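# Architecture at a glance
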Amino acid sequence: AKGTAYIEREVRRMGLIPAGDNGTFFQAVPLYARSVDTTSQLSADGTPVAIGKDYFPVHPGGTLKSVNGAQLIYAGSTADSATMIPAAQAIGKVVFYSGPAANVSARYPGAVAFMTSRPDQQLTQLRAFISRSSQLMKSDEDTVIRRLSAVVPESSVPAFLGVALANARPGTLGRTLHGDIRYKNTDTPGRNVIAIVRGSDARLKNQYVALGAHSDHVGVRRGGPVDHDSLRAFNQIAERIVVARTRVQPGFPGSGLAPAERASLKVNVDSLRRVRPARLDSIHNGADDDGSGSVGLLEIAELFAGTNPKPKRSILFVWHTAEESGLFGSEYFTDHPTIPRDSIVSQINIDMIGRGEAADMPGGSPDYVQLLGARRLSTEFGDIIEKVNTTGKHALKLDYTFDADKHPEQLYCRSDHYEYARYGIPIVFMSTGGHADYHQVTDEPQYISYPHLARVATFAADLAKTVANMDHRPLVDKPKPDPKADCVQ
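Computed from a prediction, not measured in an experiment: that's the story for all the values here. (Residues numbered from 1 in each chain as written. Predicted model: local features only at pLDDT ≥ 70, side-chain atom pairs only at ≥ 80, totals over all residues. Heavy atoms only, no water.)

## A look at the packing of aromatic side chains
Test applied: Two aromatic rings from Phe, Tyr or Trp, using only the six-membered ring of Trp, form a pair when their centres are within 6.5 Å; if the ring planes differ by under 30 degrees the pair is stacked, by over 60 it is edge-to-face, and anything between is tilted. Helix and strand definitions here come from DSSP, where helices need a minimum of 4 consecutive H or I residues and strands a minimum of 2 consecutive E residues; each element is numbered from the N-terminal end. Three exposure classes are used, based on accessible area relative to the maximum for each residue type with a 1.4 Å probe and protein chains only: buried under 20%, partly exposed in between, and exposed over 50%. In this scheme, Lys NZ or Arg CZ marks a charge over a ring once it lies within 6 Å of the ring centre and within 35 degrees of the ring normal.
Summed over the entire model, instances satisfying the criterion amount to four aromatic pairs. Aromatic side chains tyrosine 55 and phenylalanine 160 sit 6.2 Å apart centroid to centroid with 80° between the ring planes, which places their arrangement in the edge-to-face category. With a gap of 105 residues between them, tyrosine 55 in the loop between strand E5 (47–49) and strand E6 (56–58) and phenylalanine 160 in helix H4 (residues 157–161) connect regions that are remote in the sequence. The exposure classification of tyrosine 55 matches that of phenylalanine 160, with both residues buried. A ring pair is formed by phenylalanine 317 and tryptophan 319, whose centres lie 6.2 Å apart and whose planes are at 20°; its orientation type is stacked. When its relative accessible area of 0% is taken as the criterion, tryptophan 319 is described as buried. Arginine 191 extends its terminal NZ or CZ atom over the ring of phenylalanine 26, reaching a point 3.9 Å from the ring centre. Here the basic side chain of arginine 232 rests over the ring of tyrosine 447, its NZ or CZ set 3.5 Å away from the ring centre.

## As for the pattern of salt bridges
Rule in force here: Definition used for salt bridges: Asp or Glu carboxyl oxygen within 4 Å of a side-chain nitrogen of Lys or Arg.
Inspection of every chain in the model, using the stated rule, returns 22 salt bridges. For the salt bridge of arginine 13 with glutamate 10, the shortest nitrogen-to-oxygen distance reads 2.9 Å. Of the two residues, arginine 13 and glutamate 10 both sit in helix H1 (residues 2–14), three residues apart, roughly one turn of that helix. Taking the relative accessible area as the measure of exposure, arginine 13 reaches 47% and is therefore partly exposed.

## Some remarks on the packing of H1 against helix H8 (residues 287–305)
Operational definition: Angles shown run from 0 to 180 degrees and are taken between the N-to-C directions of axes, each axis being a line fitted to C-alpha atoms and, for helices, limited to the stretch in contact. Angular relationships are summarised with four words: roughly parallel below 35 degrees, roughly antiparallel beyond 145, roughly perpendicular across 65 to 115, and oblique for the angles in between. When the near helix sits turned anticlockwise from the far one by under a right angle, the crossing is termed left-handed; a clockwise turn instead gives a right-handed crossing. Residues are treated as being in contact if the distance between any of their heavy atoms lies within 4.5 Å. Only Asp, Glu, Lys and Arg are considered charged, only Ala, Val, Leu, Ile, Met, Phe, Trp, Tyr, Cys and Pro nonpolar, and every remaining residue, Gly among them, polar.
In the contact formed by H1 and H8, the axes pass within 10 Å of each other and the chain directions differ by 10°. Taken together, H1 and H8 sit at an angle that is classed as roughly parallel. Handedness of the H1/H8 crossing: right-handed. Note on element contacts: H8 touches H1 through Leu298, Ala301, Glu302 and Ala305, opposite Tyr6, Ile7, Glu10, Val11, Arg13 and Met14. Partitioning the contact of H1 with H8 into residue classes produces seven nonpolar, no polar and three charged.

## Some points on the pairing of strand E16 (residues 190–197)
In plain terms, the rule: For two strands to be treated as a pair, DSSP must find no fewer than two bridges joining them.
Across the eight residues that make up E16, a large majority, seven, are buried. Here two bridges tie strand E1 (residues 17–18) to E16, and the two strands are oriented antiparallel to one another. Bridge pairing in E16 places proline 18 opposite alanine 195. In the sheet, strand E2 (residues 26–29) pairs with E16 via four bridges, with the strands oriented antiparallel. Looking at E16, one finds that alanine 28 is bridged to arginine 191. Bridge count for E16 against strand E20 (residues 314–320) is five bridges, and the pairing is antiparallel. Each residue of the ladder has a partner; that of isoleucine 196, found in E20, is leucine 316.

## A look at the side chain of glutamate 10
Threshold: What qualifies as a polar contact is a pair of N or O atoms within 3.5 Å, subject to a donor-acceptor requirement within protein and to the restriction that residues adjacent in sequence count only when both atoms come from side chains.
Taking the relative accessible area as the measure of exposure, glutamate 10 reaches 19% and is therefore buried. In this structure the side chain of glutamate 10 is engaged in a polar contact, spanning 2.9 Å, whose partner is the side chain of arginine 13.

## Re the sheet that holds strand E9 (residues 94–98)
On the basis of which strands lie adjacent, the open sheet formed by eight strands has the order E5-E4-E14-E8-E9-E10-E13-E6 and mixed pairing. The open sheet has two edge strands, E5 and E6, and neither has a second partner. Recorded for the sheet is a direction-independent mean angle of 35° between the axes of neighbouring strands. Of the strand pairs in this sheet, E6 and strand E13 (residues 149–153) are connected by three bridges, and their pairing is antiparallel. If you follow valine 58 over to E13, its bridge partner there is serine 149.

## Description of the nonpolar core
We count it as follows: Definition used in this section: a nonpolar core is a set of buried Ala, Val, Leu, Ile, Met, Phe, Trp, Tyr and Cys residues joined via side-chain atoms within 4.5 Å.
Counting residues in each nonpolar core, the largest one holds 48 residues, and the members touching the most others are Phe317, Ile348, Met430 and Leu463. For this core, the element with the highest residue contribution is helix H13 (residues 450–468), accounting for 10 residues. The next biggest cluster of nonpolar side chains, apart from the first, holds 29 residues, and it includes Leu72, Leu148, Leu161 and Ala168.

## Some remarks on the pairing of strand E3 (residues 31–36)
Most of E3 sits inside the fold, with five of its six residues counted as buried. Pairing of E3 with strand E15 (residues 183–187) involves five bridges; the strand directions are antiparallel. Paired with valine 36 across the bridge in E15 is tyrosine 183.

## So, the environment of proline 225
Checked against the element boundaries, proline 225 lands in the loop between strand E17 (208–214) and strand E18 (226–227). In this structure the C-alpha to C-alpha distance between proline 225 and isoleucine 283, which are 58 residues apart in sequence, comes to 8.1 Å. In contact with proline 225, not counting residues within four places along its chain, are Leu280, Asp281 and Ser282.

## Examining the packing of helix H11 (residues 379–391) against H13
Interaxial distance between H11 and H13 falls to 10 Å at its minimum, and their mutual angle equals 125°. Classified by the angle their axes make, H11 and H13 are oblique. The hand of the H11/H13 crossing is right-handed. Facing H11, whose interface residues are Phe381, Ile384, Ile385, Val388 and Asn389, H13 presents Phe459, Asp462, Leu463, Thr466 and Val467. Grouping the constituent residues of the contact of H11 with H13 by class yields seven nonpolar, two polar and one charged.

## Focus: the state of the cysteines
Definition in use: Cysteine sulfur atoms are paired as a disulfide whenever they fall within 2.5 Å.
Under the definition given, this model contains one disulfide. Each sulfur of the disulfide joining cysteine 413 and cysteine 487 lies 2.0 Å from the other. For the disulfide bridge between cysteine 413 and cysteine 487, the dihedral angle about the S-S bond is near -75°, and by the sign convention the bridge is left-handed. Here cysteine 413, found in the loop between strand E23 (397–399) and helix H12 (417–421), pairs with cysteine 487, found in the segment after H13; they are 74 residues apart in sequence, far enough to count as distant. Judged by its relative accessible area of 17%, cysteine 413 is buried.

Laid out in C-alpha cells, this is it:
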C-alpha cells in the first residue's frame, strides 16, 4: 500500500492522466489470502489424524470436494501403471498411490481425493508450506469443485491404510475418513497503478504503447532474521560453484547446490565482523526485483511528461501488483482493461534491470541486457528493437539466451509481459538477469548499478517512442495463443 501510494503521488505530480478505477490512478485487484484451518478435525476409523504431522494437504484451488465418509484404497504404484486398479474401483474412494503423480487425477475421475507418501525426512519444505498462507486472486475458478491432494509421511501410512506401505497391494482397502479439511480466506486487496501520457496525433492517440513493471516483492523472511553479510557471502560462493559446474547464469531459480557442496561451504564470519558488526535482516526489499523496474518506469514517465511535442500514440504506464504471487495484477488488468485491450499495440516489461555487471554473472558488463519474447508474436517488433539499439546508439549487448524454446527456466512465462502476449499483443521483456541476491533479503539498493539501470530504462523509453510514432502498429505475423491456456515457452 505504501509503495503504490508513492508511485501514485509521483505520477500525479508529473501531471499524468489517471487511468484506473473511477477517475483514479488505482485499479483494485481482488486478492485474498488462503490458509489451512489448523482446527480442522479429520479421523480415520475414529482415530484422529493431525494436520502437519500425519498428513499435509495441498489445496488445488476452487472449492474442495468433501472427504467425509470416504474410504481409502491403495491404487498401486505409478511406476508400474499396468498393475494399478481400474478406474471403476476408485469411484467414491480416496485414492492412495505411490510413485510420481503423473496423470493420477485423470486416471481416476471418480475418486474423491488423492493421497501419496514421502519419506519423513523429505517433508521439511512441505511442512513449512502448509503453515503459511497463499495469496490468490478471486475468479470464477473459485466455484469449481476440485479434489484435495495430501502427502502422508511414510511413518503415518498405517494410520490411513491400516498397513505399512510395503505391505499394501493394489486394491487394499484402507480406513474411512470422517470430518473435512477446511481453509480460511481473508481479503487482502491489492492495486495496480495506471497512468497515461496522451498522444499528440488526433487519429493515433487512442492507441497505446504500454510499459510495465511490478511494484510487489516477496515480503518478510518467514524463517526469521539472518545475518545479512554472511548470507550474502555464502550465496555468492554458492553461485560461483554452480556457474563453474553448469556454465549457466546465476540466480534462476536459486543456488542449485548439491547437499554435499552446501555442507562443505564455510564463510569466514570473523573476517566479516572485522569489517562491520552483524546486521540482522528479515525484510526482502526487492531493490532489483522489481524496485529497479518500478523506478525506471517512473523515470520514463517523467521523461514523456516533459516531452513536447508528445509522441503520436499515447503511452500507457502500469505498475502491476502481485507479480510474485502469480502474475495476478497483470492478469487482472488484461482481463479487465481500463482502456480497450485491442488499442494496445505493444507492451514493454522491465523487471530486474539494476544489475548485470561482471560481478553478478559470467559475461556481465555495463552493456548487458536480456531480451525475451520480442519475436514470438511479431517479427517486425523484434526487428524494431534491434534497430533502435543501433540507430539510437545505445550499444547494448542483447542476450536472447533465455528466450530459447523450452528453456528450463521458462522466463517467458514468469513475468507480467505474458499476460499481454496471451491476448496477441507484441511484447518484450527486458532484464539484466539473475544474481546471488535474487529473492534474498540481500537484494538491496546499495548493490544496484544505477548507470546500468538508467541505460536500460533509456533504451525502453526510446523503443516506446519509436513504436508510438510509427504510421502503423507492429505487425502480428505469428499465431496468437489461447488466452486461457497454460503458457508454453
